[in-house]
Amino acid sequence: MTDLPTRELGRTGIQATMLGYGAMELRGVPRGRDVTEAQAETILHAVLDAGINYIDTSIDYGLSEERIGRYISGRRSEYYLASKCGCLVGAPPAPRGQRSPHVFTRDNIIEGVEQSLSRMKTDYLDLVQFHASPSQQTLETHGALEAAQALKQAGKVRFIGMSSTLPNLLDHVEMGVFDVFQIPYSAVEREHESVISAASEAGAGIVIRGGAAKGAPSEGKQAGTQWERWQQVDLDDLLEDMTSMAFILRFTFSHPDMDTNIVGTINPAHLQDNINVLLKGPLPQDVYTEAKRRLDAVGLRPQT
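Residues numbered from 1 in each chain as written. Predicted model: local features only at pLDDT ≥ 70, side-chain atom pairs only at ≥ 80, totals over all residues. Heavy atoms only, no water.

## Remarks on the sheet that holds strand 10 (residues 260-263)
Here comes step 1: Read around the closed barrel, eight strands run 3-4-5-6-7-8-9-10, paired in parallel fashion. On average, each strand axis in the sheet is tilted by 30° relative to the strand beside it, whichever way the strands run.
Here comes step 2: Taken together, the three bridges between strand 3 (residues 19-22) and strand 10 define a ladder with parallel strand orientation. Each bridged residue has a counterpart across the sheet, and for G20 the counterpart in strand 10 is I262.
Here comes step 3: Across the face of the sheet, helix 3 (residues 106-119) comes into contact with strand 5 (80-85), strand 6 (125-130) and strand 7 (157-163) while running at roughly 140° to strand 6. (Pairing = 2+ DSSP bridges. Helix = DSSP H or I, 4+ residues; strand = E, 2+ residues; numbered from the N terminus. Axes fitted to C-alpha atoms, helices over the stretch in contact; angles between N-to-C directions. Contact = heavy atoms within 4.5 Å.)

And the structure:
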């Protein structure tokens, strides 16, 4: 096992590997691809065997939580476990292309965390994150935030986070109650680049999602908004011997205020590829600066 680089997750004291594992890939049908139990077991153990110590999942990621509990609960001391709350407990999976329902009441928050603990066969979550970037008013109206804080006081949750996006992200940072923010970011999804720094400066940990698949397309995925954005800017000469995916990952790792970048896969070879990219480090400063200049020039810039 290679020692992977880590960063402290804000004020939590957690030393998270800069590459985390996004367990949405384990959800299975109908929302995702068909993943066998053998595949799930193999990839979860491969993640831990590789030294990755941060796993992110959610109530509404299908079979993900159950598979984590089934296959690696016996290795609980080896990883930090982050899940979500606000997802409607007991709701059937939403059809492809639609968002699963979220309800931010005290009862639903508590029931959701209790269900996550049971599914993953653990006594505590290292982090529970409010899903879907609810407004401050939504969080406070029906006691959702109070419920999360009560779960923290009870020792069932160590830290409270927010899976957040603009415009509510600015209010979330100002509230000063969230230990961690999970934020979408990549070279072609730079809208949150500046506010990531603001959240980090306020003392919060920064978890990046979409730092690979929502960046440049991988083989067989040359379609969609991210692909169209990638086609707008000519970065080929900056890639040198890198694949577009490796470049995107290294661009994400280059953000000075990111702590961990969660990337999902069910393929151990792809997992190893991602680790190899991480070990090469951030992009050279001149390449990073030039890439941002070219992205800015075609309108792929941070929101201010």
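## Description of the pairing of strand 6
Here comes step 1: Where burial is concerned, most of strand 6 is hidden: six out of the six residues are buried.
Here comes step 2: Where strand 5 and strand 6 come together, four bridges link them in parallel fashion. Across the sheet, the residue bridging to K84 is Q129, located in strand 6.
Here comes step 3: Chirality of the crossover, the property in question, places the unit of strand 5, helix 3 and strand 6 among those that are right-handed.
Here comes step 4: Bridging between strand 6 and strand 7 involves five bridges; their strand directions are parallel. Bridging from a neighbouring strand, L125 pairs with V157 of strand 7. (Buried < 20%, exposed > 50% of the residue type's maximum accessible area, 1.4 Å probe, protein only. Right-handed = clockwise from strand over helix to strand, strands pointing away.)

## A closer look at helix 6 (residues 168-175)
Here comes step 1: Listed as buried for helix 6 are L169, H172, V173 and M175. Along the long axis of helix 6, the arc covered by the buried residues comes to 155°, so they all point the same way.
Here comes step 2: At its buried positions, helix 6 is contacted by helix 4 (136-141), helix 5 (144-153), strand 7, strand 8 (180-184) and helix 7 (193-201).
Here comes step 3: Just downstream of helix 6, G176 is the residue with a positive phi angle, here 70°. (Arc of directions from axis to C-beta.)

## Overview of the pattern of salt bridges
Here comes step 1: One pass over the structure, following the stated rule, counts 20 salt bridges.
Here comes step 2: One salt bridge connects R70 with E66, and the closest N-O pair in it is separated by 3.9 Å. Here the residue R70 and the residue E66 both occupy positions in helix 2 (residues 64-72), the gap between them amounting to four residues, near one helical turn.
Here comes step 3: A relative accessible area of 42% places R70 in the partly exposed class.
Here comes step 4: Under the relative-accessibility criterion, E66 is labelled partly exposed at 30%.
Here comes step 5: A salt bridge links D126 to R158, with the nearest nitrogen and oxygen atoms 2.8 Å apart. Remark: R158 occurs in strand 7 and D126 occurs in strand 6; sequence separation between them is 32 residues.
Here comes step 6: Among the residues examined, D126 registers a relative accessible area of 3% and is labelled buried. (Salt bridge = Lys/Arg side-chain N within 4 Å of Asp/Glu carboxyl O.)

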